[in-house]
Amino acid sequence: MNPRTLVFLLLVLSALGAVSPGASGSAAAPDSADDDFERASLGADWTVHNGEVGIVKGDLVLRSKGIGILTRSAPNFGADQFSEAVLAQGRDAGSMQQVFVRRRQSDGARYGFCYNPDPGRWEIEFDGVPRERTRILASLPVKAGPGPGDTIRIEVRGNTLKGFHNGKEILSATAAAADAITQSGPPGLAFHIRDTKVYPVPMFAGWKGGNLPKAPLVQPSSLPQVEQLEFFEKKIRPVLVEHCYKCHSTEAKSAKGGLVLDSREGLVLGGASGPAVVAGDPDKSLLIKAVRYGDKELQMPPKSKLATVQVADLETWVKMGAPDPRTQIKTPAPAPPAIDFAAARRFWSFQPPRQPPLPVVKLKEWPRNAVDSFILARLEEKGLNPVVDADKRTLIRRATFDLIGLPPTPEEIETFLADDSADAYRKVVERLLASPHYGERWGRHWLDVVRYSDTAGDSADYPIPQAHRYRNYVIHAFNQDKPYDQFIQEQIAGDLMPSRNEAEKYERIIATGFIAIARRFGEEASVDHHLTIEDTLDVLGRSVLGLTFSCARCHDHKFDPIPTEDYYALYGIFQSTRYPYAGSDKVKFQKDFVPLLPPEQVVAFLGSFREKVAALDAEIEPLAAAIRAKEKEMAVVQPASVDSALAGRSIEQLRSAYGEASKRREALAKQRPLIDDAYAVSEGTPANACVHVKGNPYQLGPEVPRRFLQVLGGQELRDRQTRSGRLELAQWLTSPANPLTARVMVNRIWQYHFGKGIVQTPSYFGKQGLPPTHPELLDFLAGHFAQNGWSVKAMHRLIMLSRTYQLASVAGAENVRIDPTNELLWKFPRRRLEAEAIRDSLLMVSNALDRTMPGPHPIPAQSSWNFSKASPFRQVYPTNGRSVYLIQQRLQKHPYLALFDGPDANASTASRLMSTTSIQALFMMNDPFVHELAAKFADRLCQAEREDTRRIERAHRLAFGRPPTPEESRLGESYLRQVHKELDLPPDKQERAAWASYVRVLLSSNEFIFVD
Amino acid sequence: MPGLIAQLLADEEHQKSTPDPLAPRAPHFPAKAKQVIFIFLSGGLSHLDSFDPKPKLFADAGKEAAVDGAQGKKLRLLRPLWEFKPRGKCGTEVSDLFPHMAECVDDLCIIRSLNTDHRDHTQATLGMHTGSVTFTRPSLGSWVSYGLGTFNHNLPSFMVIAPHLSFGGEQVWSADFLPGAHQGTRVASGSNPIPNIKPQGTSTRVQPAELKLLEAYNRAHLADRDGDAALAARIRSFETAFGMQREAPEVFDLSQETEATLKLYGLQRGQTGNFAWQCLAARRLVERGVRFVELIERGGGMYDTWDSHEDMKAHGPRAKSADQPIAALLRDLKARGMLQETLVVLTSEFGRPPFVDGSGGKGRSHQISAFTSWLAGGGVKCGITYGATDDYGIRVTENPVHVHDFHATILHLMGLDHERLTYRHLGRDFRLTDVHGHVVKDILA
């Protein structure tokens, strides 16, 4: 060996105090033939495997009988750490293989160096449980080294794993590569280089990856070996549960023969006939004897013999020693909560809103209400001056678009201009708040947040004609100024709230469309229902609380105090809720919609139909379950139960029976009498959910009681047995003690008025979000909101009557220098209209707007539905109604809305992007819709006025809310003359075409679609 | 034009200072490929019948073999319908399904070890385009557009020539949370290739005047509003739209193409809407500086896809549609010296297993554990194969390339580091490859 390398290394360490010469070595040193070998001890972070370290003639050496390895590793080997080994070779080199294993405490993943004598190479390994899953990250032939004295080093930097041989990089792997391994490995074996958190991976406790040196830091374990446990979970437990527990478990009415098989003790103690299992000896085990069906006196299960494979598995298991985790770990233990909730609650958004005193300002006469004091205080602090107030035309245009999403009429403007009273503007605000169009504007904001859609989102995007009821409910709720706390409660648990009359009852059922409209996935939505619940939670968190729950689905939230348990505590509530089913590629009819009729009428209408359906469903469901069970590997912890009558049938037989029954079911479904019903939820089977280990719904961890987020109080359900918990959740969300709900909503209201929120991440109030620009103002507004009965309209009054809202949108040079992006609102921000407001304005000025509130979309009758993934529902229904009533789909966006950054019906939209594209410009230039409306606008002008000058004036008043300047009038007249010449059409068409051309210019202009 | 307008315009100072989301941007590092043509065979191309020869599957056809991951389940092996032969100088075996592409094999880098995450068409198609099989995310083309901008302002940066939609519909080219300018623009057929690209009726004659008057209004409006960047950007969007209106019809007007070129692609003069037209139009778009062009190959009927469950023969008509035009595109790009700066990608959402499927046992179902795609052109080693599968082409045995790795590699070839190409959304930085992906360095030239 070449000690030089080693010496160098150790000397470096020596300087760090790692090495100190030990006692003169002769006594206990094995095979210490070298006379002058003097043992040395190393620092605590060094470990010697199969050898010893000493000093020979002043050189530090490692000596060994076979291959010795000296390793050093950072204590946790987490992020930005390393593990390395120095190799030594003794006289009998090659006689043994040596493995060094280092377990990273962060996630249980292991790295090892291994001499693999078979191909004859050194390998750097990742993980290794079980052995066949071992991933060799890099290997080097023996000749190329590593040889004696060489070093191998594994480093983790950020999310990259690197391997070095004598300082030369031989391996570079990213977390992604390793994640791919995890996916191919058994569930629960985690590899996340990035993570620094402890994961509950209980099956990891034992290592059997190769020859384990005694010295390394892997704790010896009394637990059965990992792959044995896995074998038990996959092969043995399902058989026991399915075929034995009914008679032989503590849950059974009376354990037959006194034998219980649902615990290890039960197996060992046995029943009347003696112990069921003799570990290691299948032939002596009664259990095996029984399942072999060899002895007529002892045959189990009594009705039919187990499959040969199952018997063989049981034998194998007993041979292994019948490893059984059931007494040792019932469920994977949850990680101890790493979150310090008390500390977490100190974060601003988890603090209860304070009632801040009004700040003192210098410009005492400037503020008109409290909002202005808060705004002005911040402006003064930065040396900013608010700009002048907006003129009355600007103001009424701004207020009208803001509240009803339409331009003011020329008459409304004139009335306002002529009104000299002090409360002229207040009257405008009140008129707008009372308009039925207010709900269409503000309801749409909420529909953005809850990602409203008229389709389900599965791969065939099934239409939901009933969805409109929820949409209209939202619009009505805003029009009625339904208190926001009640609004939230109804959407989450309306069906469970007491109601005064039938109408209110049905309205509240419809409100739960909030939950029902969650996305459906894939070809048979019921299969991936967990994704639908995840989507529900995602939107619930963002919309009401401004929190992103989804991170906690797989692991504790990285930034916010939301542990995985909290996620599944809420998950259980929705798992206990019955969702309606809109149809999908595989099962093409509606199910579980909620009737909007008294029960007796429902029975009258549907009685016999329901019986037929129930009979068929009872036939189909076991078939489906049997097919799933055959197709999928059994879930690890909780096996699916299969109807024993079906267990013997082949998958082909099952499929054909299923197909045949499904066809009958579909035909029957299409005969369903039509009743009034809602896309709404109802109570399902109340049960707690189990943690999905790493988000995998097929690997269940510990059960979590349904309750609220711990950081917000962690209130528990009083009645877990008979209720889902939605009603309680609705109350927790809207409790005055909840610091988030009111803040999030007042911030949204502010944002829709000013274009950006006080918190500019309106659906995310967590640590990674942006802090409020005006924290006291936000708290003041939240307090005002709660104190004024959660009235949204009261918030509009407060905000819109402030002087801040009434500022002009012009720049002040000095302000721009200090606050170029107008963070502190020294002026009113100019905004482009949203997709809906652009279209509605085009319709309105052209006198083509249909102002009625429509019912369902003209979707064809359900009996004709045959949508599939190859031919999904894609219908777009043209209408001249308001844009909030355009059909919203998930697989395709409405073509117009897609063009102008319309809402995404797949995910909660907190604020609209405002992109400017040339495709939008082409729409204004060439789209038949714009041309048709321009022609109507032209007709309107030509019918109303005879003279060009008057028509030009009317056009300006309608489109821009102002008369034209003299220059614009001249320009218009000149333009019309010019266009007449260019067009050269027959006289009857000429005038209309010329005017249409002229108004297209106005409708395309920036003034038309921007609001000052 | 009216003198008054001209005068008004002359008085205005043209402000062109606003940032343009589509302005060309420097890559993270120099790269050979500047543009992408992404060919997507919708429905699932069988690698076993095309690019991944399995002699043992020919030999064992009719026997039963274990289905991976289905405990003991066995199914009959189906013989590939097309024979394999060594092709080109490199000798890579390609089947007779693609006789024309087979001749281009020396220009291809065939990856036989692709794998993906979801067995359903819609999910897998979205996975191949957006990296996510569940939630909506921006498309690969949108990311490239966001990262690099485009060369030609008169055309969109990301164009999808798709007479018929693939599974997943328009989500396939969605910009999702990226700014709308990066959304794919669909070209559906020859007559009106881009939505609203043709002026309506008589307005053709007056449109230039309309746009001048519009600019006059907009500039006067802007002058009173401190040169607001959003207003100025919208003014420019009309200029661009007008340019696009002028240029786009010319792109799709193939009358200037020679007989030889049309013959190469197998296109009749005047024919549009078929895949040969798509391929030739793609070359013309790339010539004119479009950054990312996607071509979706499928027919108009509900079942005219590569999803040959019932009978593998159904791959025949699809190959007849796709094969010659794709080979022609490669040759055409090469002949014009464009191939070295263009990355051509061919893929499907997944592959097909060696076992029988369908009522008559003549088709194949879906397989996500292994399938084949190829790359050609800028920055890619050509005439090679990468990765390998087992004897029946079920599992990857060598150099697995997950869809995330495929995306990371495509971005790398465009000079983009997939870990640095991020967009902040909902409080965190999103990437095409999420937290996954590594560049397949072995195939970089």
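Each remark here, short or long, concerns the structure printed above.
Residues numbered from 1 in each chain as written. Chains lettered and ligands numbered in written order. Predicted model: local features only at pLDDT ≥ 70, side-chain atom pairs only at ≥ 80, totals over all residues. Heavy atoms only, no water.

Asks: Can you help me understand the packing of helix α4 (residues 121-130) of chain B against helix α11 (residues 403-413) of chain B in this one?
Replies: Axes are the key here: two packed helices are described by the angle between their axes and the distance separating the axes. All names here are of chain B. Two elements in contact, α4 and α11, have axes whose closest approach is 9 Å; the angle formed by their N-to-C orientations is 30°. Taken together, the axis directions place α4 and α11 in an arrangement best described as roughly parallel. Across from Gly-127, Met-128, His-129 and Thr-130 in α4, the residues of α11 making contact are Val-403, Phe-406 and His-407. Taken together, the residues of the contact of α4 with α11 break down into 3 nonpolar, 4 polar and no charged. (Axes fitted to C-alpha atoms, helices over the stretch in contact; angles between N-to-C directions. Helix = DSSP H or I, 4+ residues; strand = E, 2+ residues; numbered from the N terminus. Parallel < 35°, antiparallel > 145°, perpendicular 65-115°, else oblique. Contact = heavy atoms within 4.5 Å. Nonpolar A, V, L, I, M, F, W, Y, C, P; charged D, E, K, R; others polar.)

Asks: Would you mind going over the interface of chain B and chain A with me for this structure?
Replies: The accessible area lost on association of the parts is a frequent measure of interface size. With 78 residues of chain B at the contact, the number on the chain A side is 77 residues. Counting each side, the surface lost to burial between chain B and chain A is near 6500 Å², with a carbon and sulfur contribution of 58%. Here chain B is connected to chain A by 17 residue pairs in polar contact (both at pLDDT 80 or more). Of the residues that constitute the side of chain B that touches chain A, the class distribution is 35 nonpolar, 28 polar and 15 charged. (Buried area = accessible area lost by both parts, 1.4 Å probe. Polar contact = N/O pair within 3.5 Å; in protein donor to acceptor, adjacent residues only side chain to side chain.)

Asks: Whenever I open this one, the state of the cysteines confuses me. Can you help?
Replies: What is meant by a disulfide is a covalent connection between two cysteines, made through their sulfur atoms. Residues and elements named next belong to chain A. Applying the stated criterion across every chain, the model contains 0 disulfides over all chains. Free cysteine: Cys-551, not disulfide-bonded; nearest cysteine sulfur from Cys-554 at 9.1 Å. Judged by its relative accessible area of 28%, Cys-551 is partly exposed. (Disulfide = S-S within 2.5 Å. Buried < 20%, exposed > 50% of the residue type's maximum accessible area, 1.4 Å probe, protein only.)

Asks: Got a minute to help me understand the pattern of salt bridges in this structure?
Replies: Think of it this way: side chains of opposite charge can pair up when their charged atoms draw near. By the definition in use, this model includes 84 salt bridges over all chains. The salt bridge partner of A:Lys756 is A:Glu823, with a shortest N-O separation of 3.4 Å. Remark: A:Glu823 occurs in the loop between α26 (813-818) and β21 (831-832) and A:Lys756 occurs in the loop between α23 (741-754) and α24 (775-787); sequence separation between them is 67 residues. Given the relative accessible area of 28%, A:Glu823 is considered partly exposed. Salt-bridge contacts for B:Arg331 lead to B:Glu103; the nearest nitrogen and oxygen are separated by 2.8 Å. With B:Arg331 in helix α10 (residues 315-335) and B:Glu103 in helix α3 (residues 99-103), this residue pair connects regions lying 228 residues apart in the sequence. (Salt bridge = Lys/Arg side-chain N within 4 Å of Asp/Glu carboxyl O.)

Asks: Is there a simple way to explain the packing of aromatic side chains in this structure?
Replies: The geometry of two aromatic rings is summed up by the distance between their centres and the angle between their planes. One pass over the full model with this rule turns up 47 aromatic pairs over all chains. With centroids separated by 5.5 Å and ring planes inclined at 40°, the aromatic side chains of A:Trp348 and A:Phe765 adopt a geometry described as tilted. Of this pair, A:Trp348 sits in the loop between α7 (341-344) and α8 (370-381) while A:Phe765 sits in the loop between α23 and α24, placing them 417 residues apart in sequence. Aromatic pair A:Phe754 and A:Tyr805: ring centres 5.9 Å apart, planes at 80°, arrangement edge-to-face. Linking A:Phe754 in helix α23 with A:Tyr805 in the loop between α25 (792-800) and α26, this pair joins segments that are 51 residues apart in sequence. Taking relative accessible area as the criterion, A:Tyr805 reaches 0% and is therefore assigned buried. Members of the aromatic cluster, joined through ring pairs, are A:Trp446, A:Tyr452, A:Tyr470, A:Tyr473, A:Phe478, A:Tyr484, A:Phe487, A:Phe785 and A:Trp790. Over the face of the ring belonging to A:Tyr805 we find A:Arg398, whose NZ or CZ atom lies 5.9 Å from the ring centre. The ring centre of B:Tyr146 lies 5.5 Å from the NZ or CZ of B:Arg25, which sits over that ring. (Phe/Tyr/Trp six-rings, centres within 6.5 Å; stacked < 30°, edge-to-face > 60°. Lys NZ or Arg CZ within 6 Å of the ring centre and 35° of its normal.)

Asks: Explanation requested: helix α9 (residues 275-287) of chain B in the structure shown.
Replies: Note that an α-helix has 3.6 residues per turn; residues three or four places apart therefore point the same way. Residue and element names in this part refer to chain B. With 13 residues, α9 should reach 18 Å at 1.5 Å per residue; the first-to-last C-alpha distance of 18 Å fits that figure. With 12 of 13 residues buried, α9 is to be regarded as a mostly interior element. Listed in full, the buried residues belonging to α9 are Phe-275, Ala-276, Trp-277, Gln-278, Cys-279, Leu-280, Ala-281, Ala-282, Arg-283, Arg-284, Leu-285 and Val-286. Following α9 by one or two positions, Gly-289 adopts a phi angle in the positive range, close to 95°. (Expected span 1.5 Å × (residues − 1).)

Asks: Sorry, what's going on with the side chain of A:Thr909 here?
Replies: All names here are of chain A. Tracing the backbone through its elements, the reader meets Thr-909 in the loop between α28 (895-899) and α29 (918-926). Taking the relative accessible area as the measure of exposure, Thr-909 reaches 12% and is therefore buried. At 3.4 Å, the side chain of Thr-909 and the backbone nitrogen of Asp-904 are in polar contact. Other than its neighbours up to four places away in sequence, Thr-909 contacts Asp-448, Val-449, Pro-903 and Asp-904.

From the geometry alone we can't say anything about function, so treat these as descriptive.
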